[in-house]
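# Reading the structure
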Amino acid sequence: MLTARQQHCLRGIGIDVWAERGATSGNNPAAEPVADILSAADLEDIRRIANTGDRPGFPEQSEQPVNLPQSSESDLEKSGLSPVPPAQPPAAVPAVEVPVPAKLDSWDSIIESIHGCTACELAQNCTQKVPGVGNRQADLLIVGEGPGHDEDIRGEPFVGRSGQLLDRMLAAIGIAREQVYITNIVKCRPPSNRDPKQLEAQQCRAFLEAQIEQLAPKVILSVGRVSAHNLLATNLPVGKLIQQMHKLPGTEIPLKVTYHPAYLLRNPSAKAIAWEDLKLLHQLLQ
Ligand code: SF4
């Protein structure tokens, strides 16, 4: 259980300790106390923010509202966030011809095609392809940028310290890793953990789109700058994108941008904002 001091610290920075309305026992995983799920280090970060006021601020919000699907509009009102239209592609981005794999009409064909893909240079140096992992009937799709060192070795996205933090963040809103589907913008590790090039992301896009079509998620959580920029076709700063609700362009699927766990590990003060994102995500998934 959270101590009175921990609850005071969290509320002191505007974080409501989440508990399911009417829940009285610990049987419901969604009602587990945050302190039992977030690590001592996470809580210490939040406590430090409460003591120092060192909380990152948001930039100005967009003033361009748009109609969202009925089911999520009320959730957004409750959250206090402003829905905005999908961002426009940056003018400097040239269109390129991208070969589309022939058959991506089932999970098996998607995974098989990814494993056999040599469309871009990332295939030359990766240890193995990292197509994605998780529940193929999940309501929540999490999209990161690309495999890092640990993911390249394991063949699974979001492992290592970043993955452990992501797992704890999900657990804090009662979601197990096995309940969601997790993938990346590109399925092969960029060398030296560089950002995927725009052409590489475009060449890999057909796989992600096929995964989204198969999954038909209720909500997409876009994790980090590279993911957000590619999914929303924008180059706006994550700090601006994160305060707004989006839709995946061309669809009605609500899309929430949040900070990458690796960024949160380097910038613990941003965990307070990520916690707000998680609370909104929980509302959208109800
Ligand atoms: Fe193919 Fe994507 Fe890997 Fe490039 S990153 S080789 S497009 S699977």
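Higher on the page you've got the structure.
One structure accompanies this document, and this report is about it. (Residues numbered from 1 in each chain as written. Predicted model: local features only at pLDDT ≥ 70, side-chain atom pairs only at ≥ 80, totals over all residues. Heavy atoms only, no water.)

### Some words on the overall build of the chain
Secondary structure summary: the chain contains twelve helices and seven strands in total. Expressed as a percentage of its 286 residues, the buried residues of the chain come to 50%. Of all intrachain contacts in the chain linking residues separated by at least 6 positions in sequence, the fraction that spans at least 24 positions is 73%. Counting only carbon and sulfur atoms, one obtains 49% of the accessible surface of the chain, whose full area is about 13,700 Å². (Helix = DSSP H or I, 4+ residues; strand = E, 2+ residues; numbered from the N terminus. Buried < 20%, exposed > 50% of the residue type's maximum accessible area, 1.4 Å probe, protein only. Contact = heavy atoms within 4.5 Å. Areas by Shrake-Rupley, 256 points an atom, 1.4 Å probe, with all protein chains shown as cover.)

### Details of the pattern of salt bridges
Within the structure shown, the criterion is met by eleven salt bridges. Note that Asp195 is salt-bridged to Arg225, the shortest N-O span being 2.9 Å. Taken together, the residues Asp195 in the loop between β4 (181–184) and α8 (198–215) and Arg225 in helix α9 (residues 225–232) connect sequence positions 30 residues apart. According to the relative accessible area criterion, Asp195 is partly exposed, its value standing at 33%. Exposure remark for Arg225: the relative accessible area of 40% places this residue in the partly exposed category. (Salt bridge = Lys/Arg side-chain N within 4 Å of Asp/Glu carboxyl O.)

### Considerations on helix α4 (residues 107–116)
Along α4, the residues that are buried comprise Trp107, Ser109, Ile110, Ile111 and Ile114. Against β4 and α8 lie the buried residues of α4.

### Brief notes about α9
Of all eight residues in α9, six are buried, a share of seventy percent or more. Taken together, the buried positions of α9 are Val226, Ser227, Ala228, His229, Leu231 and Leu232. Where α9 is buried, its residues touch β3 (140–144), α8, β5 (219–223), α10 (238–241), β6 (244–247) and β7 (254–258). Note on α9: the residue one or two positions beyond its end, Ala233, has a positive phi of about 50 degrees.

### Some remarks on the environment of Leu232
Here Leu232 is to be found in helix α9. Leu232 gets classed as buried once you look at its relative accessible area, which sits at 0%. Taking the C-alpha atoms as reference, Leu232 lies 6.5 Å from Pro249; in sequence the two are 17 residues apart.

### Overview of the pairing of β6
By the alternation rule, side chains of β6 split into Gln244 and His246 and Met245 and Lys247, which are all buried. As defined by bridge partners, β6 adjoins β7 across three bridges and the pair is classed as antiparallel. When the bridges of β7 are listed, His246 appears paired with Leu255. Adjacent in sequence and paired antiparallel, β6 and β7 are bridged by six residues, among which Gly250 carries a positive phi angle near 85 degrees. (Pairing = 2+ DSSP bridges.)

### Observations concerning the nonpolar core
Across soluble globular proteins, you tend to see nonpolar side chains buried next to one another. Core analysis: the largest hydrophobic core is formed by 62 residues, its most contacted members being Leu140, Ile142, Ile220, Leu231 and Leu281. Among all residues touching Leu140, those that are not within four sequence positions of it are Leu170, Ile175, Val180, Tyr181, Val219, Leu221, Leu281 and Leu285. (Core = buried A, V, L, I, M, F, W, Y, C linked by side-chain atoms within 4.5 Å.)

### Looking at the site of the ligand
Cys117, Ala119, Cys120, Leu122, Ala123, Val186, Lys187, Cys188, Gln203, Cys204 and Phe207 make up every residue found near the ligand. Mapped onto the shell around the ligand, the elements with two or more residues apiece are α5 (122–125) and α8. Among the elements that line the shell around the ligand, the one with the most residues is α8, at three residues. A class-by-class count of the residues in the shell around the ligand yields nine nonpolar, one polar and one charged. (Near = heavy atom within 4 Å. Nonpolar A, V, L, I, M, F, W, Y, C, P; charged D, E, K, R; others polar.)

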